[in-house]
Every structure is written in structure tokens, then in C-alpha cells.
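# A structural walkthrough
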Amino acid sequence: MRDLVVTENITLDGVIDATEGWFTVGNDAVDDQSDILAELMAHTAACDAVLFGRVTFEDMRGYWPQQTDDRTGITDDLNQMAKYVVSRSMDDPGWQNSTVLRGLDEVRALKERPGKDIVCTGSIALAHQLIEAGLVDEYRLFVYPVVLGRGARLFAEGARIPALRLIESKPFRSGVVLLRYRPA
């Protein structure tokens, strides 16, 4: 069975809603993030599928395929990677190598297929559903040294979260720390 990995950029107080602009990606980054990008490329090498909710998928589809001067390699990786969008309303995903899944039963079936890791990033509503359904095998949290006090959080209030064990902690030059957890 393949691992389903939830990867999120997250603040110290657990917010993953990035609308306040507290983190930047790729060519837009202010600080030298070459160490973070190298880590992301290692994660990319260990996966062969990404999983999105509809809103995040549409945001990604509207941004990454249009990048013509991406020096990070993210554009090429995303365009080549198998992409799955969980949506009840979308028919044509409109991005190469993309497939629409109608619900969590299809996500379970995807996990049963041979392959590498499946990574879900962003997609807060979907992440909440995956957590609640017990489908997450690993959490990869890039913790930014920021406190917002408000915004959507990875772990919704009242959600049933299994006990977690830390499997890796890795600091980066920017002050961001990667924390990897698996259910205990």
C-alpha cells in the first residue's frame, strides 16, 4: 500500500491559510531557500502522485503551467506528475496528467495501487477529510517562524487525531523547520 502524505506550510500556531502572504514559493522567495528546495526535490523523488481538493487544484493549475522562467524545477515536476483532484463538480481537469476522483473511496483505491507516495498539499478541506477518515500515513510540516492568531488550521477543532510520533526534525537556514510525524 502506498503512503498518503499530507505536506503543509504551517505557522507556529498551526495556521496553514497562506492568504496573509507569510510564505513564498520558488522564484518569489525573498530568502535563500535552496536548502528547502533541495528537501522538496527529495520528497518529489519519493512520490509519483499529488492529491488536491478542487480549489487548490484550480489555483495550482492557474499558476504553475504558466511559469516559463521557473528555476526551481517545480513547474516541470508538477506538469509531469500524476495529479488527482477530489471533486464532485469538476468534469475536465484541464491540466495534463490529471484525473478527477469523486470521493474518499477513490482515494482509498488509489492508495491500494502500486507506486510511490501520494502527497496532498494545501487543500485544507480535503486534508480535514483525509485526517478524519484515518487515511493519512505521514505529516510533513514545514513550520515557519510566524504567529498569526487566526486562519484555517491543519487540525480542526474537535477532530480525532491519532497519537503521533516524530520521525524527523530538520531546521533550514531561513528558520523554517521540517517536522515529520507518523501515526503511533
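Residues numbered from 1 in each chain as written. Predicted model: local features only at pLDDT ≥ 70, side-chain atom pairs only at ≥ 80, totals over all residues. Heavy atoms only, no water.

### Some details on unusual backbone geometry
Residues other than glycine seldom take positive phi values, yet Asn97 does so here, at roughly 60°. Assignment of secondary structure puts Asn97 in the loop between strand E3 (82-86) and strand E4 (98-101). (Helix = DSSP H or I, 4+ residues; strand = E, 2+ residues; numbered from the N terminus.)

### Details of the side chain of Arg140
Checked against the element boundaries, Arg140 lands in strand E6 (residues 138-144). Side-chain polar atoms of Arg140 contact the side chain of Asp117, separated by 3.2 Å. With residues near it in sequence (within four places) discarded, Arg140 still touches Val5, Val6, Thr7, Glu8, His43, Asp117, Leu178, Leu179 and Arg180. (Polar contact = N/O pair within 3.5 Å; in protein donor to acceptor, adjacent residues only side chain to side chain. Contact = heavy atoms within 4.5 Å.)

### Some remarks on the sheet that holds E4
Reading across the sheet, the eight strands line up as E4-E3-E2-E5-E1-E6-E8-E7 and stay open at both edges, with mixed pairing between neighbours. Edge positions in the open sheet fall to E4 and strand E7 (164-171), since each of these has one partner strand only. When strand polarity is set aside, the average angle formed by the axes of neighbouring strands in this sheet is 25°. Bridging between E6 and strand E8 (residues 177-183) involves five bridges; their strand directions are antiparallel. (Pairing = 2+ DSSP bridges. Axes fitted to C-alpha atoms, helices over the stretch in contact; angles between N-to-C directions.)

### Side note on helix H4 (residues 104-112)
Every buried residue belonging to H4 is among Leu104, Val107, Leu110 and Lys111, and all of these are buried. Relative to the axis of H4, the buried residues are bounded by an arc of 105° and lie together on one face. Every exposed residue of H4 that faces more than 90 degrees away from the buried side is listed here: Asp105 and Glu112. (Buried < 20%, exposed > 50% of the residue type's maximum accessible area, 1.4 Å probe, protein only. Arc of directions from axis to C-beta.)

### Some thoughts on the packing of aromatic side chains
If you walk through the whole model with that rule in mind, you get five aromatic pairs. The interplanar angle of 50° and the centroid separation of 5.6 Å between the aromatic rings of Phe57 and Trp95 together place this pair among those described as tilted. Of this pair, Phe57 sits in helix H2 (residues 54-63) while Trp95 is found in the loop between E3 and E4, placing the two residues 38 residues apart along the sequence. The same class applies to Phe57 as to Trp95, namely buried. With a centroid separation of 4.9 Å and an interplanar angle of 90°, the aromatic rings of Tyr63 and Trp64 are classed as edge-to-face. With a relative accessible area of 33%, Tyr63 lands in the partly exposed category. Judged by relative accessible area, Trp64 falls into the buried class, the value being 8%. (Phe/Tyr/Trp six-rings, centres within 6.5 Å; stacked < 30°, edge-to-face > 60°.)

### Describing the confidence of the model for the chain
Per-residue confidence for the chain gives a mean pLDDT of 91, with 96% of residues at or over 70. Across the chain, the element-wise mean pLDDT spans from 86 in helix H3 (residues 74-80) up to 98 in E7. (pLDDT = per-residue confidence, 0-100.)

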